[in-house]
Amino acid sequence: MNYLTASLKLFGRCKVQRKLCNNTYLIRRSPEEIAVRLHSTDVITFHSDGQIDIATGGWDTVTTKDRINSYCAVRVWSEHGCMFASHNGQEIAFSGSARITSDGKLIGKDAAAKRKEIQEEINERNRPRNRARYWVNKARDGRPYKGTVESILQESNATVRLAKMRCYGIDRFFIEAKPKIIHEQAGYQLLELPIDAGLRKIRALKMACSTTGAVYINTVPEHLRDVPSALDWMFDTRDYLGSISQQT
Amino acid sequence: MKTIRQGDVLFIPEPNGVNLDVKDWKANGVIQEGEATGHHHKLAVLDAAEVFRPQWGNAMVRVGPNGVSIVHEEHATVTLDPSTTYRVHIAREYDYLRDAMRFVRD
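Residues numbered from 1 in each chain as written. Chains lettered and ligands numbered in written order. Predicted model: local features only at pLDDT ≥ 70, side-chain atom pairs only at ≥ 80, totals over all residues. Heavy atoms only, no water.

Caption draft 1: Local environment of helix α2 (residues 62-71) of chain A. Among the residues making up α2 of chain A, those that are buried are Thr64, Lys65, Arg67, Ile68 and Tyr71 of chain A. Projection of α2 of chain A onto a plane perpendicular to its axis shows the buried side chains occupying an angular sector of 160°, all on one side. (Buried < 20%, exposed > 50% of the residue type's maximum accessible area, 1.4 Å probe, protein only. Helix = DSSP H or I, 4+ residues; strand = E, 2+ residues; numbered from the N terminus. Arc of directions from axis to C-beta.)

Caption draft 2: Seen up close, helix α3 (residues 111-141) of chain A. Residue and element names in this part refer to chain A. The terminal C-alpha atoms of α3, which comprises 31 residues, lie 43 Å apart, in line with the 45 Å expected from a rise of 1.5 Å per residue. In α3, a bend of some 40° at Asn126 exceeds every other bend along the element, and Pro128, a proline, comes one to four places later. Looking at the buried positions of α3, the neighbouring elements they touch are β6 (75-79), β7 (82-87), β8 (90-94), β11 (109-110) and α5 (158-168). Phi for Gly142, located one or two positions after α3, is positive at around 75°. (Expected span 1.5 Å × (residues − 1). Bend = angle between axes of the 7 residues up to and from the residue. Contact = heavy atoms within 4.5 Å.)

Caption draft 3: Structural view of the pairing of strand β5 (residues 52-55) of chain A. Residue and element names in this part refer to chain A. Side-chain alternation along β5 places Ile52 and Ile54 on one buried face and Asp53 and Ala55 on a second face that is also buried. Between the end of strand β4 (residues 41-47) and the start of β5, which pair antiparallel, lie four residues, with Gly50 showing a positive phi angle near 95°. Here β5 pairs with strand β9 (residues 97-100) via four bridges, running antiparallel. By the bridge assignment for β9, Ile54 is matched with Ala98. (Pairing = 2+ DSSP bridges.)

Take a look at the structure:
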């Protein structure tokens, strides 16, 4: 449709307004302007000089796109939430509105540049997720981390930090990070290490093997407050220290 | 009858005994396999006790009238009381990365 064909539709008792389809009307706005109105938005405005304005009014919906595609020579679609339009082989990106000049030229942002911008935005959004995924997989595969305790503690992403800890070795990390001793009993120590600027804590039970003398660190949930409760959680018992007779 | 621990394995006596399923019986006498190191917690003498490892739940050790020693490559040997059934508990740890509990891999 163009200004001429639109004006031919407005005659007789429908000379000001004619229904085109659901919630969509062809309306004469002025002697030089005819608009296609969807609800309260003029999605297309035909000018007598051949210029056409398309507008979504912020309503980038399927219906808006359908009405523009149905009643105008321009084709519109959206990619990743951004509106694109093409006419006579020319592609543009637009936000809210665009214009086709009387000589058939689309005015708007270059589509290729906009696509590149969108891709960069997506990459930027996915970067932390990909990074976390990389470290979690590395931790699961048991691959080593060559950094230092300080670099782990300075890591801002909580998931990456925990994964790095696992790669570094929880035992080694706990011993080197100088944790706070919360409770000590019967040769066991309940240790606490604040992470996330103190918002979250990691607790672990430190014990030494009576046979080899090797020190073991066993992580326990952060709600456990003393050695007996940590031991009971660790071995799924009710009174570990009271019932144990022999340990090696 | 007291609880006995060998490394990451805890033997808790069951005073009332338990019904053990013969299909869970393990002929090799291995109570806990070392997934990471390859070290095993196993019976020193195969005939002195029976090991039952069901697919779900805790392993059980039914000790004969002469008692039995449990050996491990790293830890000192422990001796289980005669004519007693022991429930085996494996040490667990909290995985902060997954926010979940998991059994210690020896």
